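The lines below spell out each chain.
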Amino acid sequence: QVQLVESGGGLVQAGGSLRLSCAASGGTFSRYNMGWFRQAPGKEREFVAAITWSGGNTYYKDSVKGRFTVSRDNAKNTVYLQMNSLKPEDTAVYYCAGGAAVGGDYLAASYAYWGLGTQVTVSS
């Protein structure tokens, strides 16, 4: 059973940066496509970014393109989300997800494994 643990969330002013980490254990991390999702209060969980098992391809929600960067270190079983130029509308709980079905990187239902999330709050 794969376990995912997010870290790096916090409170930051608009325009600031945070780097989220997601450490995986209990499985073959390097085989899995990984994703980041977020959920704001009263809203549905939404796709933010994804990266293929090799790191060769990355995908982003339109509103975070150019500001967020997803990366991974398979030797450390860790995936990262570097978030720059943060905006108040980025405030949410951010979740790491793993094991997406082929072609399902954008879909929450496609992922087999989830972390418990880390809170990101961006003040104006």
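The rules behind these values
Residues numbered from 1 in each chain as written. Predicted model: local features only at pLDDT ≥ 70, side-chain atom pairs only at ≥ 80, totals over all residues. Heavy atoms only, no water. Core = buried A, V, L, I, M, F, W, Y, C linked by side-chain atoms within 4.5 Å. Buried < 20%, exposed > 50% of the residue type's maximum accessible area, 1.4 Å probe, protein only. Helix = DSSP H or I, 4+ residues; strand = E, 2+ residues; numbered from the N terminus. Contact = heavy atoms within 4.5 Å. Disulfide = S-S within 2.5 Å. Salt bridge = Lys/Arg side-chain N within 4 Å of Asp/Glu carboxyl O. Pairing = 2+ DSSP bridges. Axes fitted to C-alpha atoms, helices over the stretch in contact; angles between N-to-C directions.

Colleague: Whenever I open this one, the nonpolar core confuses me. Can you help?
Modeller: In this structure, Met 34, Trp 36, Val 79, Leu 81, Met 83 and Tyr 94 are the most contacted members of the largest nonpolar core, which totals 29 residues. Elements with a contribution of two residues or more to this core: strand S3 (18-25), strand S4 (34-39), strand S5 (46-51), strand S7 (68-73), strand S8 (78-83), strand S9 (92-98) and strand S11 (118-123). Take this core: its biggest share by element is four residues, from S3. Residues contacting Leu 81, with those up to four places away along its chain left out, are Leu 18, Arg 19, Leu 20, Trp 36, Val 48, Ala 49, Phe 68, Thr 69, Val 70 and Tyr 94. Phe 37, Phe 47, Ala 50 and Ala 100 belong to the second-largest nonpolar core, a separate cluster that totals six residues.

Colleague: Is there a simple way to think about the state of the cysteines in this case?
Modeller: A disulfide bridge is the covalent bond that connects two cysteines by way of their sulfur atoms. Enumeration according to the criterion identifies one disulfide in this entry. Here Cys 22 pairs with Cys 96 through a disulfide, and the sulfurs are 2.0 Å apart. An S-S torsion of about -75° defines the bridge between Cys 22 and Cys 96 as left-handed. Of this pair, Cys 22 sits in strand S3 while Cys 96 is found in strand S9, placing the two residues 74 residues apart along the sequence. Like Cys 22, the residue Cys 96 is buried in the burial classification.

Colleague: What exactly am I supposed to notice about the side chain of Thr 52 here?
Modeller: Turning to its location among the elements, Thr 52 is positioned in the loop between S5 and strand S6 (58-60). Classification of Thr 52 by relative accessible area gives buried; the value is 10%. Residues in contact with Thr 52, not counting those within four places in the same chain, are Tyr 32, Asn 33, Asn 57, Tyr 59 and Arg 72.

Colleague: Explain the pattern of salt bridges to me, please; I cannot follow it from the model alone.
Modeller: A pair can form between side chains of opposite charge whenever their charged atoms are brought close. Inspection of every chain in the model, using the stated rule, returns five salt bridges. Lys 65 is the partner of Asp 62 in a salt bridge, and the nearest nitrogen-oxygen pair spans 3.1 Å. Among the residues examined, Asp 62 registers a relative accessible area of 63% and is labelled exposed. As a salt-bridge pair, Arg 67 and Asp 90 come within 2.8 Å of each other at their nearest N and O atoms. Taken together, the residues span a long stretch of sequence, with Arg 67 in the loop between S6 and S7 and Asp 90 in the loop between S8 and S9 at a distance of 23 residues. As far as the burial class goes, Arg 67 and Asp 90 line up, both buried. Put simply, Arg 38, Glu 46, Lys 61, Arg 67 and Asp 90 are held in one network by salt bridges that share partners.

Colleague: Looking at this structure, I do not really get the environment of Val 102. What am I missing?
Modeller: Relative to the helices and strands, Val 102 resides in the loop between S9 and strand S10 (113-114). When its relative accessible area of 87% is taken as the criterion, Val 102 is described as exposed. Separated by 34 residues in the primary sequence, Val 102 and Phe 68 place their C-alpha atoms 23 Å from one another.

Colleague: Sorry, what's going on with the sheet that holds S8 here?
Modeller: Where strands meet in a sheet, backbone hydrogen bonds hold them as pairs that are either parallel or antiparallel. Taken in spatial order, the four strands of this open sheet run S1-S3-S8-S7, and their pairing is antiparallel. Two strands in the sheet have a free side with no partner beyond their single neighbour: strand S1 (3-7) and S7. Put simply, the sheet's adjacent strands are angled 15° from each other on average, direction ignored. Bridging between S1 and S3 involves five bridges; their strand directions are antiparallel. Bridge assignment links Glu 6 to a residue of S3, and that residue is Cys 22.

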